[in-house]
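Single-letter residue listing:
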Amino acid sequence: MQDDDLSKIDIEDQKIIDNKELNIFEALVPVVILMGLLAYNIFFADGEMLGEYSNQYILLIGGLVAFVGGTLNKVTPLIMIREVWENLKSVFIPIMILFLVGALAGTWLISGVIPAMVYYGLQVLSPEIFLPASVIIAAVISIATGSSWTTSATVGIALVGIGTALGINPGMIAGAVISGAYFGDKMSPLSDTTNLAPAMAGTDLFTHIKYMAYTTVPTIIIALIVFGIISASIEPTGNADISNLLASIDKTFNITPWLFLVPAAVIVLILLKTKPLAALASGVILAAIFAFIFQPEVLKDISDSSFSAILNSILTDTAVATDNEKLNDLFSSGGMKGMLWTIFLIICAMVFGGIMDGIGALARITKALLSVATTVFGLFASTVISCLGLNAIASDQYLAIVIPGKMFKKAFEDKGLAPENLSRTLEDSGTVTSVLIPWNTCGAYQSGVLGVGVGEYFVYAVFNWLSPFTTLLFAAFRIKIRQLSGKLA
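Residues numbered from 1 in each chain as written. Predicted model: local features only at pLDDT ≥ 70, side-chain atom pairs only at ≥ 80, totals over all residues. Heavy atoms only, no water.

1. Considering the overall build of the protein chain
Secondary structure assignment for the protein chain yields 25 helices and two strands. Relative to its length of 489 residues, the protein chain is compact, with a C-alpha radius of gyration of 23 Å against a globular reference of 23 Å. Dimensions of the protein chain, computed from the C-alpha atoms along their principal axes, are close to 65 × 50 × 45 Å. Residues classed as buried in the protein chain amount to 58% of the 489 residues present. Surface exposure of the protein chain reaches about 18,900 Å², of which carbon and sulfur atoms provide 68%. Within the protein chain, the 36 negative side-chain charges are centred at a point lying 14 Å from the centre of the 25 positive side-chain charges. (Helix = DSSP H or I, 4+ residues; strand = E, 2+ residues; numbered from the N terminus. Rg over C-alpha atoms; globule rule 2.2 N^0.38 Å. Buried < 20%, exposed > 50% of the residue type's maximum accessible area, 1.4 Å probe, protein only. Areas by Shrake-Rupley, 256 points an atom, 1.4 Å probe, with all protein chains shown as cover. Lys, Arg positive; Asp, Glu negative; His and termini not counted. Charge placed at Lys NZ, Arg CZ, Asp CG, Glu CD.)

Here it is as structure tokens:
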């Protein structure tokens, strides 16, 4: 879930543009160029082929290629611009959320909220159980809130901080948090994607959740086992230094359990269905107030003016110096400024996805996949590939659910398959894999909030990349495949 009410309201009625003038090869040209440039940038240019914003420029190049292809195939620039604008409108709320998350990280740092989470977490979460415990904590919060985004912006940030202080690989921690957060997101009736998938397939919410549990529960159990094995086998470097870390935190900040009122208030507001922007803004304001009350010395060290120190933490880089190097790296934040790279990436991805949709390329690629789905397994496989492809091409998990949902609904009916087969497959391959694509809105958000690159956590996001394989395994062996008659194959 992106906490994007604007997308949630309008996305179900979105018109899918089909351009009969465009063939499959022309539709794939921008994709091949985009993937080729991204691969070269990652593997041969260390991400700096065109400077700091290489991925953003590459997405714009891909969009330009698609624009030229659409023009040659009788698509007017007005249509393409309109689709780009619709895409940009759909990410307005997520961009505002990203800015607020940056402000939240800064104010939670100087108010002592994050240091308090790390301080108490170091004493409670031992390295031997840390990763599976992170999965469970993130899953519980995500089920309660219905949002993987909120989970990462609250407990996710804290867990990364605690695990990093313990000397655990940040990629492992982020993978555990994301696995739990997306499990909870999928299984929560409060999640927008969990409501959207059955709406697209033509089934009801609770039938969808019940049917989804068949593939989702075994997958999260496997993920927990994997993280349990990893936790038992790693040798954290931070064990011996815990007492020094605790002493440094206690010396720098005024640590008190009262600080937990701030994150508790944010979570309660989310549970009460408060708008995400209002809930996160409340978290920023509360943290600022708590900084005045509990951390006057910290504010004085940052700036001569306490108000300036708080404003600085909201808008730009902030660092709280301690006598421990590990904590110096941990207790720093980029504020709203730190989110600009991620926001630019999302905007450029929406430009590319909008043009691809405007010229009819997304519909053409999905139809090509549908045409080769001659068997039941082929139908499931085509749906999975379509969702994965659209997460990469359209850069948005909503489109990765809506477009295949509309395109494949009739095909599932023709094969005598109940609609919950489709809704489950859309979630197993559309929702959870969005976070594995660096330029997808979800991948950009999670890596920006947690401070861990997609390439670092990809292999450890076990639940997310295993889910499509699980749904294909069930399809291949006809496990829990419901027929329209109501029977299970």
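2. Some details on the layout of surface pockets
As a volume, the largest pocket reaches approximately 530 Å³. Residue lining of the largest pocket: 23 residues in total, with Leu330, Ser332, Val449, Leu450 and Gly451 positioned closest to the centre. Going through the elements one at a time, helix H5 (92-110), helix H8 (148-165), helix H17 (325-330), strand S2 (332-333) and helix H23 (441-450) are the ones with two or more residues in the lining of the largest pocket. At four residues, the largest contribution of residues to the lining of the largest pocket is made by H8. A breakdown of the residues in the lining of the largest pocket according to their chemical character gives twelve nonpolar, ten polar and one charged. (1 Å grid on protein atoms, 1.4 Å probe; cavity = no way out; pocket = protein on both sides within 12 Å on 5 of 7 lines; lining within 4 Å. Points joined across faces, edges and corners; volume = space filled by probe spheres on them. Nonpolar A, V, L, I, M, F, W, Y, C, P; charged D, E, K, R; others polar.)

3. Some words on the side chain of Lys186
Counting through the fold element by element, Lys186 comes out in helix H9 (residues 170-187). Side-chain polar atoms of Lys186 contact the side chain of Thr216, separated by 3.0 Å. Beyond its immediate chain neighbours, meaning those up to four positions away, Lys186 contacts Thr194, Met212, Thr216, Glu427, Asp428, Val432 and Phe463. (Polar contact = N/O pair within 3.5 Å; in protein donor to acceptor, adjacent residues only side chain to side chain. Contact = heavy atoms within 4.5 Å.)

4. Regarding the pattern of salt bridges
Evaluation of the coordinates by the stated rule reveals eight salt bridges. Here Glu86 and Lys89 are joined by a salt bridge, their closest N and O atoms 3.4 Å apart. You can see Glu86 and its partner Lys89 sitting in helix H4 (residues 77-90), three residues apart, about one turn around the helix. Residue classification places Glu86 among the partly exposed positions, given a relative accessible area of 38%. On the basis of relative accessibility, which here comes to 33%, the residue Lys89 falls in the partly exposed class. We note a salt bridge from Lys337 to Asp317, for which the minimum N-O separation is 3.3 Å. Separated by 20 residues along the polypeptide, Lys337 in the loop between S2 and helix H18 (340-358) and Asp317 in the loop between helix H16 (306-315) and strand S1 (318-319) bring together distant segments of the chain. When its relative accessible area of 43% is taken as the criterion, Lys337 is described as partly exposed. (Salt bridge = Lys/Arg side-chain N within 4 Å of Asp/Glu carboxyl O.)

5. Here's the deal with H9
For H9, spanning 18 residues, the distance from its first C-alpha to its last is 26 Å, which sits close to the expected 26 Å at 1.5 Å a residue. Of all 18 residues in H9, 17 are buried, a share of seventy percent or more. At the N-terminal end of H9, a side-chain oxygen is found 2.7 Å from the backbone nitrogen of Gly171, two or three residues along, and the residue is Asn169. (Expected span 1.5 Å × (residues − 1).)

6. Brief notes about the state of the cysteines
Scanning all chains against the criterion turns up zero disulfides. Free cysteine Cys348: the closest other cysteine sulfur is in Cys442, separated by 17 Å. Look at Cys348 and you get buried, because its relative accessible area is 10%. In this structure Cys442 is not part of a disulfide, and its nearest cysteine sulfur, from Cys387, lies 13 Å away. (Disulfide = S-S within 2.5 Å.)

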